Amino acid sequence: MFQARLFSAVGRRASVLAFVASFLPGVVGGQVAPRKRVQTEADLPRFNYPVTGTVPQLLLADTPTFLTFATPVVADVDRLLREYQIDDHATLRGLLETKLRYAIISGADDKAALVTLREIRASEDKASAKLTSNLGEEAFLEARLAAGGGVTATCPERYEAEYRKLTEALPWDGVGGDLKRVKSFLGVQGTNLFVGVSDSELGPGVSKVHAVDLAGAERLLDAREMIEVSVGCKEATTRVLTAYVAAHDVMKPSIWEAREAVLPAAAKLTPVTVGIWDSGIDTSLFAGRMFTTEPGEDDPHGIAFDVRGGKTHGELIPLTPQQARDYPALVKDMQGIGDVQNSVDSDAATAVKMKLAGMKPAEMRAYFDEESILGGYAHGTHVAGIAAQGNPAVRLAYARMTYDNGNPHLAPTEDFVRQQSTMYGAAVQWFHEHKVRVVNMSWWDRPSNYEKDLADNGIGKDVAERKQLARHYFEMERSAMLAALKSAPEILFVTIAGNNNTDNAFEETIPSSFRLPNLIVTGAVDQTGDETSFTSYGENV
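Computed from a prediction, not measured in an experiment: that's the story for all the values here.

Asker: Quick rundown of the overall build of the protein chain? Include the residues and the values.
Answerer: Scanning the protein chain for helices and strands turns up 20 helices and 13 strands. For the protein chain, the C-alpha radius of gyration of 25 Å lies close to 24 Å, the compact-globule estimate for 541 residues. Taken over the C-alpha atoms alone, the protein chain extends approximately 80 × 55 × 45 Å along its principal axes. Burial status across the protein chain gives 48% buried among its 541 residues.

Structure follows, in structure tokens:
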């Protein structure tokens, strides 16, 4: 839902570095051995970091306790940067940001942290990010240096002046949209938010294996640093951005009104069947624009699969009585969260900010667990609305998947993955038999998801075994999905690059990493046509 986005603590002289390097692995005969090339995320080694207690207890622990957990993490990050050739910028940024977070939390070397921060900006692929990445962290470090350095219990006194200086030097046309989103997000930021969301994501695995992998450790470092910097300096940041936006904000015209194709309802148009391969459709919202199957077929407007990939019935997943009662309020919250993310000042945004501000971490975790379920429930209808916009000739059909939005997800097994993989072929066969011309697929999967699900269910003796199991299950799914799309060359499939600001080929994201003549992979842009900060990317996007 909300995604917020370390450097070695000791600085050494060159002579000391040379002496130590002679004892490091990868140095042979006094010469540095070639670094290992990383072509996909799977080429990186896996790490395991013990967690004593719960995620909230760790995030709220005193600094020495948290650093006991974090120090091995940054040591492994340094080794990865030293021994591996990582060309993927998103992965490189993630490692460098872990160094930066650690440096801020530890307060050991603020000057070195600023060097790391500049390396992060140099690795950014998007123009705005090259200017604004870790802007608050830069102001925090400069202010702390001015005060003599070291860990501070509160926001440094000069932070607001430093942040204002950095912000006012930026070109509004290049960064205005991003800074408005930062300002909007400040309205929901709080310690309980970062603790609750982290517990929702990482808590199930910690309760089973009492550890996190590197990705989990990076999230914990990010959350802890956000608590100390973003939350700690929230009032000062808000004052600066409020003034900056007020002085410069000129609403750029939307490019989409001129580009929107609205077909006349009175024209004699040939109906075209469009498949929404998603979580189902609330068909009551699309009267007269639903595809209808032949009499005697299982479902009147599509095909449905249960959470394990077996055939079932119904246009939407069944909700529990409590979920059905909560759903109308969650719809308003989802609108508010979307407005916050897009810096829209609305009543819904104000309401959701107030609601989140009053929640404790445990309430926050329960809220986002339910939001995940109901957000998935609504997703297919949301996508159908986009597909049907301005097109009276559309006839919507659905292939309803039942998203596993429980926390944790169901445990992956051989039979489970095989049945889910079979679903891909069955769905495409249904599209083929019913002459569907275009199919939208706004979803994705990747190997790391399997690793997390295995850990959350306590499966595998260690991270290496989970990586091996995840690879096996992922290849089963990938092969089945690729074969299914290839089997219907007459159907145009449209999918998303992803919302992770990563390269889809490096992450091996499916289906967006496929290269097929009947597949379009789309990225996200804003109202002005500029690439969004969150959109994933790739050569085939």
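Still more to cover.
Asker: Provide a residue-level description of the packing of helix α3 (residues 63–83) against helix α11 (residues 214–231), including the pertinent values.
Answerer: Orientation of α3 relative to α11, taken along the N-to-C sense of each, is 130°, at an axis distance of 11 Å. By the angle between their directions, the pair α3 and α11 is classed as oblique. α3 and α11 meet at a crossing whose hand is left-handed. Between α3 and α11, the contacting residues are T63, F66, F69, A70, V73, V77 and L80 on the first element and L214, A217, L220, L221, R224 and E228 on the second. Of the residues assigned to the contact of α3 with α11, the class counts are 10 nonpolar, 1 polar and 2 charged.

Asker: Describe the pairing of strand β10 (residues 394–400), naming the residues involved and giving the relevant values.
Answerer: Across the 7 residues that make up β10, a large majority, 6, are buried. Direction of pairing for strand β7 (residues 272–278) relative to β10: parallel, over a ladder of 7 bridges. From the neighbouring strand, V272 faces β10, where its bridge partner is V394. Inspection of the sheet shows strand β8 (residues 302–305) paired to β10 by 3 bridges, in the parallel sense. Bridged to I303 within β10 is A399.

Asker: So, helix α10 (residues 191–209): which residues are in play, and what are the values?
Answerer: Taking 1.5 Å per residue, 19 residues should reach 27 Å; α10 reaches 25 Å between its end C-alpha atoms and fits that length. The largest bend along α10 measures about 55° and falls at L202, with the proline P204 one to four residues further on. H210 sits one or two positions beyond α10 and adopts a positive phi of about 55°.

Asker: Could you give me a rundown of the packing of helix α7 (residues 135–146) against helix α8 (residues 159–168), with the residues and numbers involved?
Answerer: At a closest axis distance of 8 Å, the pairing of α7 and α8 adopts a crossing angle of 135°. One way to sum up the angle between α7 and α8 is to call them oblique. For the element pair α7 and α8, the recorded crossing hand is right-handed. Contact residues: α7 offers L135, G136, E138, A139, F140, E142 and A143, while α8 offers Y159, E162, Y163, L166 and T167. Across the contact of α7 with α8, the residue classes break down as 7 nonpolar, 2 polar and 3 charged.

Conventions adopted
Residues numbered from 1 in each chain as written. Predicted model: local features only at pLDDT ≥ 70, side-chain atom pairs only at ≥ 80, totals over all residues. Heavy atoms only, no water. Helix = DSSP H or I, 4+ residues; strand = E, 2+ residues; numbered from the N terminus. Rg over C-alpha atoms; globule rule 2.2 N^0.38 Å. Buried < 20%, exposed > 50% of the residue type's maximum accessible area, 1.4 Å probe, protein only. Axes fitted to C-alpha atoms, helices over the stretch in contact; angles between N-to-C directions. Parallel < 35°, antiparallel > 145°, perpendicular 65-115°, else oblique. Left-handed = near helix turned anticlockwise from the far one by under 90°. Contact = heavy atoms within 4.5 Å. Nonpolar A, V, L, I, M, F, W, Y, C, P; charged D, E, K, R; others polar. Pairing = 2+ DSSP bridges. Expected span 1.5 Å × (residues − 1). Bend = angle between axes of the 7 residues up to and from the residue.

Treat this as a map of the structure, not an account of what it does.
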